[in-house]
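Residues per chain are reported as follows:
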Amino acid sequence: MTDASQLKTDIEADIAAAQTLDALEAIRVAAIGKKGSVSALMKTLGKMSPEERQVEGPKLNALKRDITDAVAARKSALEEAALEAQLAAEQVDVTLPVQTQDFGTIHPVSQVMDELSEIFADMGFAVAEGPEIEDEFHNFDALNIPAHHPARAMHDTFYFPEKEDGSRMLLRTHTSPVQIRTMLSQEPPIRIIAPGKTYRSDSDATHTPMFHQVEGLVIEEGIHMGHLKGCLEAFVKAFFQLDSIDMRFRASFFPFTEPSAEVDIRCSFEGGTLTIGEGEDWLEIGGCGMVHPRVMTACNLDPERYQGFAFGCGIDRLAMLKYGMTDLRPFFDGDQRWLKHYGFSPLAVPTLAGGLS
Amino acid sequence: MKFTLDWLRSHLDTTASLDEICEALTASGLEVEGVEDPAAKFAAFTIAHVKQAVKHPDADKLRVCTVDTIDGEKQIVCGAPNARAGMTAVYAPVGAYVPGIDVTLTKAKIRGVESFGMLVSEREMQLSDEHDGIMDLDAGPAVGTPMADVLGLTDPVIDIAITPDRADCLGVRGIARELAAKGLGTLRPFTLPTIEGQGDAGRSIFIDLPDGKEDACRYFTGRLVRGVKNGPSPDWVQKRLNAIGSKPISALVDITNYVSFDLGRPLHVFDAAKLTGDIGARMAKAEEEVEALNEKTYTLTNEMTVIADQSGALGIAGVMGGMPSSVTESTTDVFIESAIFDPARTGHTGRGLAIDSDARYRFERGVDPDFIDAGLDIATQMVIDFCGGTPSEAVSAGTPPLRKHSVPFDPDHVRRLAGLDVAADEALSILKALGFTIDGAGAPYTVHVPEWRADIDGSADLVEEVMRIKGLDAVPTVPLPRPNGVAKATLSLAQKRIIALRRRLAGLGLNEAVTYAFIKEADAALFGEDTQTLANAISSDMTTMRPSLLPGLLSAAQRTLDKGHGPVRLFEIGRVFAGETPDAQPLEAALIIAGGAAKDWQSGAAEPSVFAAKAAALAALEAAGAPTQKLQTYGAVTGADMPSAYHPGQSGDLRLGPKNTLARFGMIHPRLAAAFGLSAPVAMAEIFPENLPKPKAAGPTRSALDDLPLQPVERDFAFLVEEAVPAETLLRALKGADKKAITDVAVFDRYAGPGVPEAHVSLAVRVTLQPVGASFTDEALEAISAKIVAAAQKSAGAQLRA
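Residues numbered from 1 in each chain as written. Chains lettered and ligands numbered in written order. Predicted model: local features only at pLDDT ≥ 70, side-chain atom pairs only at ≥ 80, totals over all residues. Heavy atoms only, no water.

A closer look at unusual backbone geometry
In this structure, the amide linkage connecting Pro 188 of chain A to the following residue, Pro 189 of chain A, adopts the cis form with an omega of 5°. Within the fold, Pro 189 of chain A resides in the loop between α8 (176–185) and β4 (190–199). The omega torsion of the bond from Ala 443 of chain B to Pro 444 of chain B falls at -5°, within 30 degrees of zero and hence cis. Residue placement: Pro 444 of chain B occurs in the loop between β27 (437–439) and β28 (445–448). Located in the positive-phi region is Asp 102 of chain B, a residue other than glycine, with phi close to 55°. With respect to the secondary-structure elements, Asp 102 of chain B resides in the loop between β8 (97–98) and β9 (103–104). With phi around 45°, Lys 404 of chain B is a residue other than glycine that occupies positive phi space. Positionally, Lys 404 of chain B belongs in the loop between β25 (395–398) and β26 (406–409). (Helix = DSSP H or I, 4+ residues; strand = E, 2+ residues; numbered from the N terminus.)

Now the structure itself:
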């Protein structure tokens, strides 16, 4: 029986030496194929005595199994090696740069407007809008700013050419005409903010002839100056993301509110950096007051029944204070470097849950 | 409005500090804009005695001084010719900031000799222009005494902003009254002088105004003072005027200015020798000329009021007096005028002539109509005191336009409107302190408004008075009432659409710009004919309201590209202006893609294309909720004319139905590109969100998803179509061939060239068919294919390519 064991040794050596799947298959066929050497030995079993067969049968079967296993193992090894080779050949330089789908940016003014909508929605304010080319009634007369009042001259108004009837259209000097349009078209209770573009003939580092304001208006029964303070304090805390804020209300004058006040917030300019909420200085952020009875009357509302407050502040200025721009003029230059630097990701949608900066 | 602390104290008996006064002013509505405290400004500068002054060893014009200073004996090198032993000078130590030369002193070596500090001149202290030598003071003050004390520079100057309603605070006394009401002291009593007039004024007063213009001047009074001697006014007057930046001129002129600043009562003085006959107020004649005190000649209109005598106009009423009749050093008889002029007309005149004057500032805001005679008497007394002379009896015309206004007032209104709990007694005593008088035993009281408070109209104004004086800090901070639960949504459909559109465009890689809504007239003209142009533009680049957002973006792109910071990807959302009515100012969006993207190793360079603009416009419309599946494209290929801003053959409209354009896209017209100086290729689009249809009202619930267990089948076709046939025509025909089975049609190749007839293209399309219920049989698929081919032939003249 040395034949069988020699055969096993030879075949196993061949299997181990096989370098390709084809060569391995040839070895398999030569060994255990129909006409293979092992198959030939198996055929000799038929001529043996039962006693011999009892001894040789299991041996030959074991030989066939061993060879089958050896072929399978070698096949697996060869396949593994082939895959390794393929993968090695497929290597690329992953350090090459890729084209990303870069986001563009949202302008800081739009971002702040979205922040305002979000904050004031929580206090029940809708967002109202109005035309930018206005008439004198909505921009001045209905707001208790008579034709020759010095306050009217102080507005540095842009006018369009006088019409035959002597009236002039103008670019709204504040967003307050939206108050009038809202009161004329809607019954109290009213809570609105009106963000938008406004225009005055003025130009330096902190003034541009076009700028953005947000107006707020509340008309309800029983609203008083204390609510105005509460509302603005809530707004400032939410906008600047502060737990507490020291605010100062100073008596002032606006023709459309009575009483009127200007609003300051505590700040510091130490080291040339503006910090909101702490320090020794005050920074004016807007004007406010209780809606003047004459304005209510001009809008067909009964000032004996309803009271309300209005406030206004500069959106560009809010953006500058919060996000640290020092010059207003580039806001409206459309300079792409500035827009990319100061703009916001479109995914940075301000929400109360996610935060407002 | 400027005044000094000492001046204020002449009306207000107070122990309050400068800081307390400033705080109270700001809180009550008289915002302090600045305080200049000379004592603080000059704190570093002290008296020194020069013990010795010898010539510098190496410089003829320099002296080496040995000086006794607050810091001990110092060696100081000095270039002043008057530096000498024994003089009393002002010493600036090392470390001091010298304002006149804008230098902080350091230890120095001057031509080899060490110098510790400086002896200063008046100019270096910004006290005058004097710089011929160092300050040479009278002997007496001890070494170390502050310079400010020796020179009497101890009176801080306070500058406050006065809101247009508070004409009463345009005089120092009004400010003092305010502070007294605020509890910072007591208003000193004020006694009007009694003038014993002797003899007549030599002339009568006239008010000669046409019907309807009587308000121009309701009262005019005056008095002659004979035998005056005009010279410099007393030191204390000059000092106060100087401190607030009003240059002293002569006693007579200074008196009018002083009364104006002190009591808010403008006056004018004439040299009586230069007057002809009666004097008074009348309307100017058209084109009448007046040579004003500022030495300019003004041409007036017949809407302006003048002070005139029989010879002609003397001055512009309420605005500025005239030069020819003005007083001089040699004036002996002075005519003092006190009158009241219409605020609106005065303001209009001042603006029309571009004259800002202290008189206009006060008349325009409304002077006290009950203080016209008083002003004349006070000025008369000052003239007698400063210049001597004998006053005549006063002459006048008209009657002072007293308002005699009263307001019914319930002190509880303070609580209701201001939210401030103030006892009725306290509220009423605040009003009294401000000069109001009160009648009645209980609410509503009758509150009589003092004549100097023309701003007080109704009860709300009185609430403000009480709140101002009480302080806004006393108003409690109360949260706005809010309903229980979570806040409701507040944004409108249109607003939500804009927010989505904005964030979608930014998501496409475009940067949002905000550009000026007024542009160059020439730029606007390229986009429309009916443009709105301002009557008073601030610059020639900002004259005309934009008829489109594109010009602003194109200008911005050109600036960015010229700086080499391209390519440009911008968008803007804003109003454009087709007219002046609210409807003619729609909110639009626009985008531009200018300049190719940087070359990439994978894809090469990507140039802006009409299809990139179309894709962006569609993405924006979809984000805004437009039914993009229903849109049709119009362009040259469909026979539509495009606006001249666009390349006529490479631009299109996305419309819902034949007329409603939701967006426009395309390449820029070469002529427009040239007009904006753009050489890079530019694709652009405009989106008209206001044209979007309202979606059908639907709740949050969605319809159930169709159950599609069977696999869709794809079939490819290649059609030959004439070039002039819009692809959309073919695609619509294919989709309509079997609406039930066909779920999608996509173009996957477009080819023209060898093998395709002249003026034709080959369009390869993949049609997706969705079986429902049962799989397609071969016969069914063949039937659908036949319908597809027939529809293509019928609608688009397309032939199945062999």
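That was the structure; now back to the text.
Details of the interface of chain B and chain A
Interface size is often expressed as the accessible area that is lost when the parts come together. The interface is formed by 87 residues belonging to chain B together with 91 residues belonging to chain A. Approximately 7200 Å² of surface area, both sides summed, lies buried where chain B meets chain A, with 57% of it carried by carbon and sulfur atoms. Per-residue buried area on chain B facing chain A is highest for Leu 480, Arg 503 and Val 514 of chain B; these three make up 11% of the total on that side. Run the count over chain B and chain A and you get 7 salt bridges. Of the charged contacts, one joins Arg 482 of chain B and Asp 122 of chain A as a salt bridge, the two residues approaching to 3.3 Å between their closest N and O atoms. Our count for the chain B to chain A interface comes out at 36 residue pairs in polar contact (both at pLDDT 80 or more). Among the residues making up the side of chain B that touches chain A, the classes are represented as 41 nonpolar, 23 polar and 23 charged. (Contact = heavy atoms within 4.5 Å. Buried area = accessible area lost by both parts, 1.4 Å probe. Salt bridge = Lys/Arg side-chain N within 4 Å of Asp/Glu carboxyl O. Polar contact = N/O pair within 3.5 Å; in protein donor to acceptor, adjacent residues only side chain to side chain. Nonpolar A, V, L, I, M, F, W, Y, C, P; charged D, E, K, R; others polar.)

Here's the deal with the sheet that holds strand β1 (residues 2–4) of chain B
Note: strands within a sheet are paired through backbone hydrogen bonds, in either parallel or antiparallel orientation. All names here are of chain B. Strand order in the open sheet formed by 3 strands is β1-β13-β3, with antiparallel pairing between adjacent strands. The strands lining the two open edges of the sheet, one partner per strand, are β1 and β3 (31–36). Across this sheet, the average inter-strand angle for adjacent strands is 25°, counted without regard to direction. (Pairing = 2+ DSSP bridges. Axes fitted to C-alpha atoms, helices over the stretch in contact; angles between N-to-C directions.)

Description of the sheet that holds strand β18 (residues 279–283) of chain B
Residues and elements named next belong to chain B. Spatial strand order, β15-β18-β21-β22: 4 strands in an open sheet with mixed pairing. At either margin of the open sheet sits one strand with a lone partner, and together these are β15 (205–208) and β22 (312–316). Strand-to-strand, the axes of this sheet are offset by a mean angle of 30°, without reference to chain direction. Sheet analysis places β15 next to β18, joined by 4 bridges and oriented parallel. Looking at β18, one finds that Phe 206 is bridged to Gly 280.

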